[in-house]
Amino acid sequence: MSDAPAIHVRGLTKRFGQLLAVDHVDLDVPRGRVYGFLGPNGSGKSTTIRMLCGLLTPTGGDIEVLGLRVPQQAEDLRRRIGYMTQSFSLFTDLTVGENLEFIAEILGVPRDRKRARIGELLERYHLADRRDQLAGTMSGGQKQRLALACAVMHEPELLFLDEPTSAVDPESRRDFWEALFELTDAGTTLLVSTHLMDEAERCHRLAILDRGRLVADGTPDALTGALEGRTWLVESDSPRRAQHALVGAPGVLGIAQVGHALRLLADEGQGDGFGGRVEHRLREAGLSVRLRSTSPSLEDVFVAATRSAERERAA
Amino acid sequence: MNLRRLWAIMQKEVRQMRRDRITLAMILVMPIVQLVLFGYAINLNLRGLDAAIADQAQTSGSRALVMDMLATDVIRPVATAHTPEEVVDLIRRGRINVGVVIPPDFEARRQDGRPVAQVLVDGSDATVAGAAAQLAQTPVDSRLPDARAPYTSTPPVPRIVVTSFYNPERRSAINIVPGLIGVILTMTMVLFTAIAIVRERERGNMELLIAMPLTSSELMLGKVVPYVLIGLVQTTVILALGRWLFDVPIRGSLLDVYLAALLLIASNLTLGLLISSGARSQFQAMQMTFFVFLPSILLSGFMFPFSGMPTVARWIAELLPLTHFLRLIRGIMLRNAGLFDLWGDALALVVFTAVMMTAAILRFRKRLD
């Protein structure tokens, strides 16, 4: 049983009128790990998560979460999963304590356990001194911790987090991820959606979504490793002009300016000769540059995956 | 249905309501303001209408009739006229609302039983017409005691005399206050629940609630029950103020009054829920509420007599909870009727509630799409 994936999805599709929000996604999420959904806004992350929780009815495809068929058995599933919504969905006009109490009652936490459990959560998520504060008056980070505390109230086996740290400063974000890893240590499976690369790097495993399609998946290392030798750094006194000269150049998949340098992503099969060809092209344009190979990042993975998907579509 | 979860929802609603000071104040202030407004300002029996009287008979009998009419305070003579033509002209020019013409053959007409006087009304104002009808009731026959004497062979003069048994002074407050319980409950109860579910959706709480192991009926009932208490508080405020300010009697049993109020509260809350399950924003919910509220005020018999309405309007009125409640509450409070004497209207409210609640629960999907 524990070897079976927490989430098993085949051909998941969701259509809103003309818009194809999720397009035949296959997914296997292993247990006890942090699984990331990386993608820009509108790539279908939230829609997929909502279908997995049984909040949206899929247009097509099969979903099995913790061995239960969704949406048919969604009601049974609700007791075993936690879901942290993208925007704060707790009651702003209730206090921290009242919110936790309400959630505990609804989730049916046994009466004799309730007080202890709420105290435990207040302590763990550093909310003990805010117990009587109205939830609406708290900072983004505090709200996030309260939402997490509510989502894990019943110690769910599987926790969905939809862009949990988008409204949070970097320091709170680090604390928040500490809390998430604590949960995986206890055996909880986490599915986190994000559009932040640094957040995606923390995941055990990643799926990259683009316009409703799953364009790549694997561990962050495997994904970046596959691009080894294809990423280059061009240092130049006038990076803007250099970028101009390289637009449309054969073999260049992506260009991004990083300070005084340009980051280049080479097309598949360009080999080691790519550096020389680029340097030559820039010299011809009258630019003096220095070129060196650099290690690939998740951003490169993302660009590579989405660009090749685009080409497939165009072909 | 899990009682613990139901209780949790109710507790949450009450806590949120307690923090919303303005709404809380409205719950108490609105009945008071409306009661005072309707009780004092909107006097359906107009008094002091501008009038002219052309008494062409000038007998002691005709003068006595004029004095009786003036004694009702409905009219106030502001102009003098001697002929019917002059009276008509005054009305046309808007100088007066009502004209009274007593023809020269007044005494002969009275003996023959023919109409003795004519009341000319500015019909462009419906309320004035109503007031004039009241004026026409001034008893003429009382001056001729033998005309009604049971032993005379001549039958009594057929005249349309409307007699009000239960409100002899024709004070509108007595009619209005019981009805006002219904109007205020209709306005507040429908609105509160109409907004209740939409608000959760607008604030983003709905996604959380749907993701919870909660059934639709737990959510719906838990949201409705706290408002029942508020409705009963409002009922009490109106009853107490009505008694204190306007001497409105409660002739029937107080328990029946509250039972009738409960039936109306239940009907309105469930109607509100149904609106809430269909509306997309609080603004829409409010608009839909007024869509129900307006016909309730106009057709239920609260403002205009039910009997004067065209058939279609009556059908619509029968679908409105307020119509049935008005019949119940006026019966109980003014005619000392029991709730069971009026079982038809009580049953109508029960059926309405059941239908609305079922429809609301069925309509509400535990899905975001």
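For clarity, every value in this text was computed on a predicted model and none was experimentally measured. (Residues numbered from 1 in each chain as written. Chains lettered and ligands numbered in written order. Predicted model: local features only at pLDDT ≥ 70, side-chain atom pairs only at ≥ 80, totals over all residues.)

Describing the interface of chain B and chain A
Reasoning step 1: Each partner contributes residues to the interface: chain B has 19 residues there, and chain A has 23 residues.
Reasoning step 2: Sorting the residues of the side of chain B that touches chain A by element identifies helix H1 (3–19) and helix H9 (205–210) of chain B as the ones contributing at least two each.
Reasoning step 3: If one sorts the elements of the side of chain B that touches chain A by residue count, H1 of chain B sits on top with seven residues.
Reasoning step 4: Considering only residue class, the side of chain B that touches chain A consists of eight nonpolar, three polar and eight charged. (Contact = placed C-beta atoms within 7 Å. Helix = DSSP H or I, 4+ residues; strand = E, 2+ residues; numbered from the N terminus. Nonpolar A, V, L, I, M, F, W, Y, C, P; charged D, E, K, R; others polar.)

Digging into helix H4 (residues 84–92) of chain B
Residue and element names in this part refer to chain B.
Reasoning step 1: Those residues of H4 not exposed but buried are Val87, Leu90 and Ile91. Projected down its long axis, H4 shows its buried positions confined to an angular sector of 100 degrees, all on one face. Structural note: H4 exposes Glu85 and Arg92 on the side pointing more than 90 degrees away from its buried face.
Reasoning step 2: Where H4 is buried, its residues contact strand S1 (49–55), strand S2 (75–80), strand S3 (98–102) and strand S4 (118–121).
Reasoning step 3: Count one or two residues on from H4 and you reach Gly94, which has phi positive near 75 degrees. (Buried ≥ 20, exposed ≤ 12 C-beta atoms within 10 Å, placed from the backbone. Arc of directions from axis to C-beta.)

Quick word on H1 of chain B
Reasoning step 1: For H1 of chain B, which comprises 17 residues, the first-to-last C-alpha distance of 24 Å matches the rise-based estimate of 24 Å (1.5 Å per residue) to within 8%.
Reasoning step 2: Listed in full, the buried residues belonging to H1 of chain B are Arg5, Leu6, Ala8, Ile9 and Lys12 of chain B. Down the axis of H1 of chain B, the smallest arc covering the buried residues is 160 degrees, so these residues share one side. Away from its buried face by more than 90 degrees, H1 of chain B exposes Leu3, Arg4 and Arg18 of chain B.
Reasoning step 3: Looking at the packing, one finds that the buried side of H1 of chain B touches helix H3 (96–106) of chain A together with helix H10 (216–246) of chain B. (Expected span 1.5 Å × (residues − 1).)

Re the sheet that holds strand S13 (residues 261–266) of chain A
Residues and elements named next belong to chain A.
Reasoning step 1: Taken in spatial order, the four strands of this open sheet run S12-S13-S11-S14, and their pairing is antiparallel. At either end of the open sheet lies a strand with only one pairing partner, and these are strand S12 (252–258) and strand S14 (289–293). Neighbour-to-neighbour, the strand axes of this sheet turn through a mean angle of 25 degrees, independent of strand direction.
Reasoning step 2: By the bridge criterion, six bridges tie S12 to S13 in an arrangement that is antiparallel. Bridged to Ile255 within S13 is Leu264. (Pairing = 2+ DSSP bridges. Axes fitted to C-alpha atoms, helices over the stretch in contact; angles between N-to-C directions.)

Some words on the confidence of the model for chain B
Residues and elements named next belong to chain B.
Reasoning step 1: Residues of chain B with pLDDT of at least 70 account for 82%, and the chain-wide mean is 81.
Reasoning step 2: Taken element by element, the predicted model of chain B shows its lowest mean pLDDT in helix H7 (residues 145–148) (41) and its highest in H1 (93).
Reasoning step 3: In the predicted assembly, ipTM is 0.83 and pTM is 0.78. (pLDDT = per-residue confidence, 0-100.)

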